[in-house]
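Working through the structure, step by step
Letter by letter, the chains look like this.
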Amino acid sequence: MSPILVLTLFISAFGLVVGSFLNVCISRMPRNESVVFPPSHCPLCKYRIRWFDNIPLLSYLWLRGRCRGCGAHISLQYPLVELLNGLLTLALFWRFGLSLSFLALFLLCSALVVITFIDIEHQIIPDEISLPGIVIGFIFSFFLPMQTWLGSLVGILLGGGSLLLVASCYQWLTGKEGMGGGDIKLLAMMGAFLGWKAVPFIIFASSLVGSVVGIAMMLIQKKDSKLAIPFGPYLAFGAVLYIFYGGQLIQWYLHVGSAVRG
């Protein structure tokens, strides 16, 4: 077995294992519970999950999606989060190799996975993730070849400031809160890790996808414009899209724009 294959398998397994921990964060953080104690257990029968029942993906298949203690159904979210984080980790490794950039973006993507699933279910974005994330992203900017501390600082201000301005204008015009503070801090965190150039791309991509999905959901569910749709997952999608394809998509857009003007 070649060394690169061994390393690829190790990185994939690492991503899956971290994904298992992210499930704990997703489950406990909205309830303000510790993500360390007590050890993993069934929320219904309190059966303590043994190590052989906590192997990412495999244990879910072996147990057929049910608790060994009481037979209760285990949410499909658990293997989905593990698989998603494993694939993101592998994709980052293929793109950046074992580097400081890989480590920084791995932390960002793992945080985005947690935020996405919490926001979908609870419509909140924990400050315990976004606020430390802003600081960590800024610290990384002093060491990353793709980033500068000034670009990170401007990214924080532009990311948080732009959504704050939109939210303030919307509330002034309508008298209603259209965007929560969690989204503002989330985009500031993205700006800290990815720099100010990523912010316009993320806003555009998340707004476009969010509009399409939101309209489709309202048509399918036959509900009006008051339907609450969390924006955090769309911001997360925009950030991941920028990490892997941002440069190519921006160049394509500029090329198309210049061709149209020409």
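What you see is a predicted model; the values in this text were computed from it and never measured.

1. Comments concerning the overall build of the protein
A tally of helices and strands in the protein yields nine helices and zero strands. The secondary structure elements of the protein, listed N-terminal to C-terminal, are α-α-α-α-α-α-α-α-α. Over its C-alpha trace the protein gives a radius of gyration of 20 Å, about what one expects of a compact globule, namely 18 Å for 262 residues. By its C-alpha atoms, the protein is 65 × 50 × 35 Å across when sized along the principal axes. Counting all 262 residues of the protein, 42% fall into the buried class. Long-range pairs, those at least 24 residues apart, make up 68% of the contacts in the protein with a sequence separation of at least 6. On the protein, roughly 15,200 Å² of surface is accessible, and the fraction owed to carbon and sulfur atoms is 71%. In the protein, which carries 16 positive and 10 negative side-chain charges, the distance between the mean positions of the two groups comes to 6 Å.

2. With respect to helix 4 (residues 100-122)
Look at helix 4: 33 Å from first C-alpha to last across 23 residues, which is about the 33 Å you get at 1.5 Å a residue. Among the 23 residues that make up helix 4, 17 are buried, leaving the element largely enclosed by the rest of the structure. Of the residues trailing helix 4, glutamine 123 is marked for its positive phi of about 55 degrees.

3. Quick look at the packing of aromatic side chains
Remark: the centre distance and the inter-plane angle together describe each pair of aromatic rings, the angle taken between the planes. Here the structure, examined in full by the defined rule, presents seven aromatic pairs. On the numbers, 5.2 Å between centres and 35 degrees between planes, the contact of phenylalanine 14 with phenylalanine 106 is tilted. Linking phenylalanine 14 in helix 1 (residues 3-28) with phenylalanine 106 in helix 4, this pair joins segments that are 92 residues apart in sequence. Classification of phenylalanine 106 by relative accessible area gives buried; the value is 7%.

4. Section: the UniProt feature "domain: Prepilin peptidase A24 N-terminal" (unreviewed entry) in the protein
UniProt marks residues 14-96 with the feature "domain: Prepilin peptidase A24 N-terminal" (unreviewed entry), using the numbering shown here. The span residues 14-96 is 48% helical and 0% strand by assignment, and the distance between its end C-alpha atoms comes to 16 Å.

5. A short note on the domain arrangement of the protein
Assigned domains of the protein: these are domain 1 (1-98) and domain 2 (122-261). For domain 1 and domain 2, the distance between their C-alpha centroids amounts to 27 Å. Contact residues are listed per partner, giving eight residues for domain 1 and 10 residues for domain 2. It is Met29, Pro30 and Arg95 that lose the most area in domain 1 upon contact with domain 2, and together they represent 58% of the buried surface on that side. Along the contact surface separating domain 1 from domain 2 lie zero salt bridges. Partitioning the side of domain 1 that touches domain 2 into residue classes produces six nonpolar, one polar and one charged.

6. Here's the deal with unusual backbone geometry
Along the chain, phenylalanine 37 connects to proline 38 via a cis peptide bond; the corresponding omega equals -5 degrees. Along the chain, proline 38 turns up in the loop between helix 1 and helix 2 (58-62). Phi is positive for leucine 57, which is not a glycine, with a value near 65 degrees. Along the polypeptide, leucine 57 turns up in the loop between helix 1 and helix 2. Classification of leucine 57 as partly exposed rests on a relative accessible area of 23%. Unlike most non-glycine residues, arginine 64 shows phi in positive territory, near 55 degrees.

7. Some remarks on the environment of glutamate 128
Along the chain, the position of glutamate 128 falls in helix 5 (residues 127-140). Residue classification places glutamate 128 among the exposed positions, given a relative accessible area of 52%. Separated by 106 residues in sequence, glutamate 128 and tyrosine 234 have C-alpha atoms that sit 20 Å apart. In contact with glutamate 128, other than residues within four places in its own chain, are Met29 and Asn32.

Scoring rules and cut-offs
- Residues numbered from 1 in each chain as written.
- Predicted model: local features only at pLDDT ≥ 70, side-chain atom pairs only at ≥ 80, totals over all residues.
- Heavy atoms only, no water.
- Helix = DSSP H or I, 4+ residues; strand = E, 2+ residues; numbered from the N terminus.
- Rg over C-alpha atoms; globule rule 2.2 N^0.38 Å.
- Buried < 20%, exposed > 50% of the residue type's maximum accessible area, 1.4 Å probe, protein only.
- Contact = heavy atoms within 4.5 Å.
- Areas by Shrake-Rupley, 256 points an atom, 1.4 Å probe, with all protein chains shown as cover.
- Lys, Arg positive; Asp, Glu negative; His and termini not counted.
- Charge placed at Lys NZ, Arg CZ, Asp CG, Glu CD.
- Expected span 1.5 Å × (residues − 1).
- Phe/Tyr/Trp six-rings, centres within 6.5 Å; stacked < 30°, edge-to-face > 60°.
- UniProt positions renumbered as here; feature names shortened; annotations may be inferred.
- Domains from an automatic or database assignment.
- Buried area = accessible area lost by both parts, 1.4 Å probe.
- Salt bridge = Lys/Arg side-chain N within 4 Å of Asp/Glu carboxyl O.
- Nonpolar A, V, L, I, M, F, W, Y, C, P; charged D, E, K, R; others polar.

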